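Next come the chains, spelled out residue by residue.
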Amino acid sequence: MNLITESWRLKLLAVGLSVLMLGAVAFAQNPPTFKTLTVGPINYAIPSNWPFVVINAPTRTTVRVTGLADAIQSISPSSLTATIDLSKATAGPAVKVNLVVKSSVASVTVSNPTVPVYLNIDQRAIKPLTVQVRYRRVTDGWQFIRSENSCSVGAANISPCVVNFDGPVSWQTKVAAYADITGSVEGDKTFTPTVPIDLEQNGVPVDLTNFAKTVPVSSLSISAVGVTMYARTSTTTKQVVLLDAPPIHLPPPGYR
């Protein structure tokens, strides 16, 4: 008994030092470290029938993760999720929301798991637009008469076509939909089955690739229409003046 209890403080200290030595050796081989990762896409949690839309919504974020070297070496962006909850957000040019990043690896933690971000949120609406046909040139000898455009909606064929623009209200002010015929107009009746629909706001073309940068994604209910162009051969008239003047060479006798 004395052998166990004798100098117990020294023995306890020795055990503690041994544990520390083992820990030091272990950490020397697998030390704590960190890594910077770019996470994306960002998940946006929105309620059904959310009456708003985010303009130029961020799609990625950069975070710092910490953990033991073995775990940090093997972790990838796919091990992280970034989410923004928009259930309580309203419209405004700089609406503050929280971006929350979580790690699926238990031994790896995110240094700043919650980051405030500021979003441009607009009202959302669906605006019907009647598609207008435009042409650039007419082949010589032909004269443009009129144009028709049509599109299929369900089982119905609508002419002229009406396209629904689903997106931010600020993008729908003074906006118009066009179907541009790029080729020259000629022939009595020319049908083009798929002419892309373009938008213009205040006469400026709208970049439709920006639709993908909104949450939810903005859209047109129909992307193209069928266009029929009618033309006819043109006739020209020219008025000339006849002069009764003496000829340069006199005619034979008896002729005028």
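Thresholds applied
- Residue numbering note: each chain is counted from 1, following its sequence as written.
- Owing to the predicted nature of the model, reporting of local features is limited to residues with pLDDT of at least 70; listing and counting of side-chain atom pairs is limited to 80 or more, with chain, interface and lining totals taken over all residues.
- With hydrogens and water stripped out, all remaining heavy atoms of the structure feed into the side-chain values.
- In DSSP terms, a helix is any run of H or I states spanning at least four residues, a strand is any run of E spanning at least two, and both are numbered starting from the N terminus.
- The classification of residues rests on relative accessible area computed with a 1.4 Å probe and restricted to protein chains. Under 20% of the type maximum is buried, over 50% is exposed, and intermediate values are partly exposed.
- By the counting rule applied here, Lys and Arg register as positive and Asp and Glu as negative, while His and the ends of each chain are not counted.
- One speaks of a salt bridge when a side-chain nitrogen belonging to Lys or Arg is within 4 Å of a carboxyl oxygen belonging to Asp or Glu.
- Pairing of N or O atoms within 3.5 Å defines a polar contact, subject to two protein rules: one partner must be a possible hydrogen donor and the other a possible acceptor, and residues neighboring in sequence count only if both atoms are side-chain atoms.
- Throughout, a residue-residue contact means that at least one pair of heavy atoms, one from each residue, lies within 4.5 Å.
- Cysteine sulfur atoms that pair up within 2.5 Å are treated as a disulfide.
- Ring pairs are drawn from Phe, Tyr and Trp, using the six-membered ring of Trp, whenever the two centres fall within 6.5 Å, and their geometry is named by plane angle: stacked under 30 degrees, edge-to-face over 60, tilted for the rest.
- Criterion for a charge above a ring: Lys NZ or Arg CZ within 6 Å of the ring centre, and within 35 degrees of the ring normal.

A. Spotlight on the side chain of Asp 122. Relative to the helices and strands, Asp 122 resides in strand S8 (residues 114-130). Lacking a salt bridge, the buried Asp 122 has Arg 124 as its closest oppositely charged neighbour, with an N-O distance of 11 Å. In terms of polar contacts, Asp 122 uses its side chain to reach the backbone amide nitrogen of Val 169, at 3.4 Å. Filtering out sequence-adjacent residues up to four positions away, Asp 122 remains in contact with Pro 51, Phe 52, Val 53, Ile 55, Ala 91, Pro 168, Val 169 and Ser 170.

B. Structural detail: the pattern of salt bridges. One pass over the full model with this rule turns up four salt bridges. A salt bridge links Arg 134 to Asp 180; its shortest N-O distance comes to 2.8 Å. Taken together, the positions of Arg 134 in strand S9 (residues 132-135) and Asp 180 in strand S13 (residues 175-181) put the pair 46 residues apart, joining distant regions of the chain. Relative accessible area serves as the criterion here: at 29%, Arg 134 is assigned to the partly exposed category. Here Arg 146 ties to Glu 148 by a salt bridge, and the two come within 2.6 Å at their closest N and O atoms. Classification of Glu 148 as partly exposed rests on a relative accessible area of 32%.

C. Summary view of the state of the cysteines. Taken as a whole, this structure holds one disulfide when the rule is applied. Here Cys 151 engages in a disulfide with Cys 161; their sulfurs sit 2.1 Å apart. As the torsion about the S-S bond is roughly 95°, the Cys 151-Cys 161 disulfide counts as right-handed. Remark: Cys 161 occurs in the loop between strand S11 (156-158) and strand S12 (162-168) and Cys 151 occurs in strand S10 (residues 142-153); sequence separation between them is ten residues. Each member of the pair, Cys 151 as well as Cys 161, is classed as buried.

D. Representation of the packing of aromatic side chains. Across all of its chains, the model carries four aromatic pairs by this definition. Each ring, one from Phe 165 and one from Phe 211, has its centre 5.4 Å from the other, and the planes form 10°; the classification is stacked. You can see Phe 165 sitting in strand S12 and its partner Phe 211 sitting in the loop between strand S15 (204-205) and strand S16 (219-220), a full 46 residues away along the chain. For the pair shown, Phe 165 and Phe 211 are each scored as buried. Between the aromatic rings of Trp 171 and Phe 211, the centroid separation amounts to 6.2 Å while the plane-to-plane angle is 20°, which identifies the pairing as stacked. With Trp 171 in the loop between S12 and S13 and Phe 211 in the loop between S15 and S16, this residue pair connects regions lying 40 residues apart in the sequence. Each member of the pair, Trp 171 as well as Phe 211, is classed as buried. Here a set of aromatic residues connected by ring pairs shows up, and it is made of Phe 165, Trp 171 and Phe 211. Here the guanidinium or amino end of Arg 64 rests over the ring plane of Phe 34, the centre of that ring lying 3.7 Å away. For Arg 146, the ring lying beneath its charged end belongs to Tyr 230, and the centroid distance is 4.0 Å.

What is shown is where atoms sit, not what they do.
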